[in-house]
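Here is how the chains run, residue by residue.
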Amino acid sequence: MPVERITLQEALREIYSVLDDETFQRGLRTGVRNAEGRFLKILAEHPELEQLARMVEKAKKEVISKIDYYIDMAMKSLERVHARAYLVHTAEEARETVLRIVGSRKLVIFSKSMVAEELKLREALEEAGNEVWETDMGELLIQLSGGKPMHTTAPAIHMSRFEAAKLLSKKLGIRLSENPTPEEIVSAVRDILRDKFVRADVGISGGNALAADSGSIVLVENEGNIRLVTGLPPVHIAIMGVEKIVPTLQHALAAAIVQAAWAGLYPPTYINVISGPSSTSDIERKRVYGAHGPREVHVVLVDNGRVRAARHEVLSEQLKCIRCGRCQWECPVWQQTANVWGGPAYGGPMGIGWTAITLGVKEAAELSMLCLSCGRCDEVCPVRVPLSSIIRWLKRQYASSLDKG
Ligand code: SF4
Ligand code: SF4
C-alpha cells in the first residue's frame with residue numbers, strides 16, 4: 001500500500017475546495033479561537049519550561065549528530081528490558097513488520113500516532129482482515145470520516161459538534177440529541193470504546209520519546225486512552241520514528257512535558273513510562289512476563305528517510321521536532337487550510353519539512369511555494385526548528401528544478 005503522492009495541482013484543488021467550504025472554515029476558526037491564549041498563559045505562568053525546552057533541544061541535537069550510535073544503544077536497551085526491537089528502513093518494511101506481529105482477524109486498538117498515519121498502518125491492518133479502532137476522540141472521527149488529521153494534536157479541529165454527532169450516528173448508529181453537547185458525544189464514544197479496550201488482542205501506540213539508556217518509552221496524554229491501549233491488550237506495539245530517541249530517561253520525560261506544554265495541555269493529565277512487558281516474580285520468586293499488562297512489547301523504530309536526513313545540513317533540523325503542533329496554530333496559511341496544506345500525512349509549517357524527509361524533497365518543494373515567509377512559525381517552536389529557513393531551502397530546490405526543466 002504505497003503512500004499517495006499528490007501533484008501540486010491536486011494539492012491546490014484540495015486547498016481551494018476547503019477555502020470555499022464554509023463549514024470547514026467555521027470549524028477551524030472556532031478551534032483556533034478556543035486554542036488561542038492557552039499557550040501564552042502556560043508559558044507566562046511556568047517560565048521554567050523554557051529551560052526544559054533548551055534541555056530537550058540539546059538532547060535532540062546530540063542524538064541527530066550520532067544517530068547510528070543512539071539507534072544501536074536504544075535497541076540494546078529495549079532488548080535488555082525484554083521488549084523486542086525492530087529497525088525498519090521503509091514504510092513498506094514497517095507495515096510488513098507490524099502485520100507479521102499482528103496477523104489477521106484480530107481486534108486492534110490504536111492510540112493516535114502520526115507515524116502510523118505516515119505509514120498508512122491502520123489501512124494496511126484493515127486490509128489484512130483486522131478490526132481496527134482509533135481510540136483518541138479526534139482520531140476516531142478522522143477514521144470514520146476517511147480523511148486525514150487536520151492538526152498534529154487536534155486531528156478533528158475542523159469539525160463542529162454537529163458534524164461529529166452526524167458522523168457518529170451515520171457510521172456507528174450512535175443516537176444523540178438534536179443539539180448535542182461535547183459532553184454527550186464524549187460519553188457516547190466512551191461507551192462504545194470500553195468494550196474494544198477490554199477485548200482487544202493488540203494495542204498500537206506511538207511514543208513521545210524513547211530513552212536510549214533505559215529502553216523506556218514515554219507517552220504523554222490527557223484522554224487516558226493511551227494507558228488503556230498500552231496496558232490492557234496482551235500485545236503492545238509501539239511504532240516510533242528514530243528521531244524520538246533521546247539519550248536518557250530524564251530527557252524523555254522532559255520531551256513529554258515540553259510537548260504537552262507547547263500543545264497547550266499543561267500539566268499533562270498522564271505520563272506513561274513503559275520499560276518492557278508487565279511481569280511479576282511473586283510466585284516462588286520466578287519472573288513471569290505478562291502479569292496484568294501486556295506479555296509482549298514490540299518497538300518498531302522507523303527510519304523512512306530520517307537517517308539520511310540526519311546527515312543533511314538543512315533537513316536534520318526538522319528532526320528536532322517533538323510534534324507539539326504549536327507552529328501550525330501560528331501559521332496564517334495553516335489557519336485557512338489546516339493540514340490540507342503540507343503533504344499526505346503531515347501538514348502546515350512542520351508538515352512541509354516532514355514531507356521532504358519521509359516522502360521526498362520534490363513533493364515538499366512544490367508545496368513550500370505556498371508559504372508566505374512571515375517567520376511566525378520560527379518564533380514559537382520550543383526546540384527552535386528553523387522552519388521558515390527549511391521552507392526557504394525547499395523553495396530554492398523548486399526554483400532550480402524549474403530552471404532545469
Ligand atoms: S513562514 Fe510560512 S510556514 Fe511559517 S508561519 Fe509563515 S506562512 Fe506559515
Ligand atoms: S516544528 Fe516545532 S513547533 Fe512545530 S510541531 Fe515541531 S516542535 Fe512543535
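No experiment lies behind these values; they were computed from the predicted model shown.

Quick notes on the rules
Throughout, a residue's number is its position along its own chain's written sequence, starting from 1. Think of it this way: whatever chain is written first is A, whatever ligand is written first is 1, and the rest follow in order. In keeping with the model being predicted, local features are shown solely for residues with a pLDDT of at least 70 and side-chain atom pairs are shown and tallied solely at 80 or more, while totals for entire chains, interfaces and linings include all residues. With hydrogens and water excluded, all non-hydrogen atoms of the structure serve as input to the side-chain values. Strands here mean DSSP runs of E at least two residues long; helices mean DSSP runs of H or I at least four residues long; both are numbered from the N terminus. Our radius of gyration looks at C-alpha atoms and nothing else; its globule reference is 2.2 Å times the residue count to the power 0.38. Only protein chains enter the calculation, and the probe is 1.4 Å; a residue is then buried if its accessible area is under 20% of its type maximum, exposed if over 50%, and partly exposed in between. Contacts were defined at the residue level, with two residues in contact if any of their heavy atoms lie within 4.5 Å. Note on areas: these come from Shrake-Rupley sampling with a 1.4 Å probe, and a residue is covered only by the protein chains present in the view. Consider each residue's heavy atoms; a residue with any of them within 4 Å of a molecule or strand counts as near. Here a cavity denotes grid points, spaced 1 Å and computed from the protein atoms alone, that fit a 1.4 Å probe unable to get out, and a pocket denotes an open set having protein on both sides within 12 Å along at least 5 of 7 lines; residues with an atom within 4 Å of a point are the lining. Each molecule is checked against the cavity or pocket grid, and it sits inside if more than half of its atoms lie within 2 Å of the grid points. Each residue is assigned to one class: nonpolar for Ala, Val, Leu, Ile, Met, Phe, Trp, Tyr, Cys and Pro, charged for Asp, Glu, Lys and Arg, and polar for all the others, Gly among them. At least two bridges found by DSSP between two strands are what make those strands a pair. Definition of nonpolar core: a set of buried residues of the types Ala, Val, Leu, Ile, Met, Phe, Trp, Tyr and Cys, connected through side-chain atoms within 4.5 Å. For each domain, the first and last residues come from an automatic or database assignment. Whether two aromatic rings pair depends on their centres lying within 6.5 Å, for rings of Phe, Tyr and Trp, where Trp uses its six-membered ring; planes under 30 degrees apart make the pair stacked, over 60 edge-to-face, and the rest tilted. The criterion is that NZ of a Lys, or CZ of an Arg, lies within 6 Å of the ring centre and within 35 degrees of the ring normal, and then a charge sits over that ring. Lines fitted to C-alpha atoms define the axes here, with helix axes fitted over just the stretch in contact, and angles between the N-to-C directions of these axes take values from 0 to 180 degrees. Grid points are joined across faces, edges and corners, and a volume is the space filled by probe spheres set on the points.

Chemist: Hey, could you go over the overall build of the protein for me, with residue numbers and the actual values?
Modeler: Looking only at helices and strands, the protein has 20 helices and twelve strands in total. Expected size for 405 residues packed as a compact globule is a radius of gyration near 22 Å; at 21 Å, the protein falls within 12% of this value. In terms of overall dimensions, the protein has C-alpha extents of about 70 × 55 × 45 Å along its principal axes. The buried share of the protein, reckoned over its 405 residues, is 55%. Contacts in the protein between residues far apart in sequence, at least 24 positions, make up 74% of those at least 6 positions apart. Roughly 17,900 Å² of accessible area belongs to the protein as shown, and the carbon and sulfur atoms make up 51% of that amount.

Chemist: Could you give me a rundown of the site of ligand 1, with the residues and numbers involved?
Modeler: Around ligand 1 lies a shell of 13 residues, among which Cys-331, Cys-371, Cys-374, Gly-375 and Cys-377 are the nearest. Counting atoms within 2 Å of the grid points, the majority share of ligand 1 lands in the second largest cavity. Across the shell around ligand 1, the residue classes break down as ten nonpolar, three polar and no charged.

Chemist: Would you mind going over the sheet that holds strand β8 (residues 245-246) in detail, with residue names and values included?
Modeler: Reading across the sheet, the four strands line up as β8-β5-β6-β9 and stay open at both edges, with mixed pairing between neighbours. Across the chains shown, the open sheet's two edge strands, defined by having one partner strand only, are β8 and β9 (270-274).

Chemist: Quick rundown of the nonpolar core? Include the residues and the values.
Modeler: Ranked by internal contacts, the top residues of the largest apolar core, which has 109 residues, are Val-98, Leu-125, Ile-204, Ile-239 and Ile-245. The biggest single contributor to this core is helix α13 (residues 249-262), with eight residues. Mapped onto the domain boundaries, this core takes at least three residues apiece from domain 1 (9-45 + 312-404) and domain 2 (48-307). Excluding its chain neighbours within four sequence positions, the residues that come into contact with Val-98 are Leu-121, Leu-125, Ile-204, Ile-237, Ile-239 and Val-300. Leu-107, Ile-174, Leu-193 and Val-229 belong to the second-largest nonpolar core, a separate cluster that totals 21 residues.

Chemist: Can you tell me about the packing of aromatic side chains, naming the residues and giving the values?
Modeler: According to the stated counting rule, one finds four aromatic pairs in the structure shown. Ring geometry for Phe-39 and Trp-329: centres 6.2 Å apart, planes at 45 degrees, overall tilted. Pair noted here: Phe-39 is in helix α3 (residues 38-45) and Trp-329 is in helix α15 (residues 326-330), with a separation of 290 residues, a long-range link. Like Phe-39, the residue Trp-329 is buried in the burial classification. An aromatic cluster is defined as three or more aromatic residues linked by ring pairs; in this entry it consists of Phe-39, Trp-329 and Trp-334. The ring of Trp-354 has Arg-323 sitting right over it, with the charged end atom 4.4 Å from the ring centre. Just above the ring of Phe-39 sits the side chain of Arg-326; from NZ or CZ to the centre is 4.3 Å.

Chemist: Residue-level account of the sheet that holds strand β12 (residues 296-302), with values.
Modeler: The sheet built from six strands is open, its strands ordered β1-β12-β7-β4-β2-β3 with parallel pairing. Looking at the sheet topology across the chains shown, the edges are occupied by β1 (84-88) and β3 (131-134). Each adjacent strand pair in this sheet contributes to an overall mean axis angle of 20 degrees, direction not counted. With five bridges connecting them, β1 and β12 associate as parallel partners. The partner of Tyr-86 across the bridge, within β12, is Val-300. Along the sheet, helix α5 (residues 67-80) makes contact with β1 and β12, crossing β1 at roughly 155 degrees. Where helix α6 (residues 91-102) meets the sheet, it contacts β1, β2 (107-110), β4 (202-205), β7 (235-241) and β12, and its direction lies at approximately 150 degrees from that of β1.

Chemist: How would you summarise empty space enclosed by the protein if you had to cite specific residues and measurements?
Modeler: Taken as a whole, this structure holds three cavities of 30 Å³ or more when the rule is applied. Of the voids in this model, the largest cavity is the one considered here, and its volume is about 100 Å³. In terms of lining, the largest cavity is formed by 14 residues, of which the most central are Cys-321, Cys-324, Cys-327, Cys-381 and Pro-382. Class assignment for the residues of the lining of the largest cavity results in ten nonpolar, two polar and two charged.

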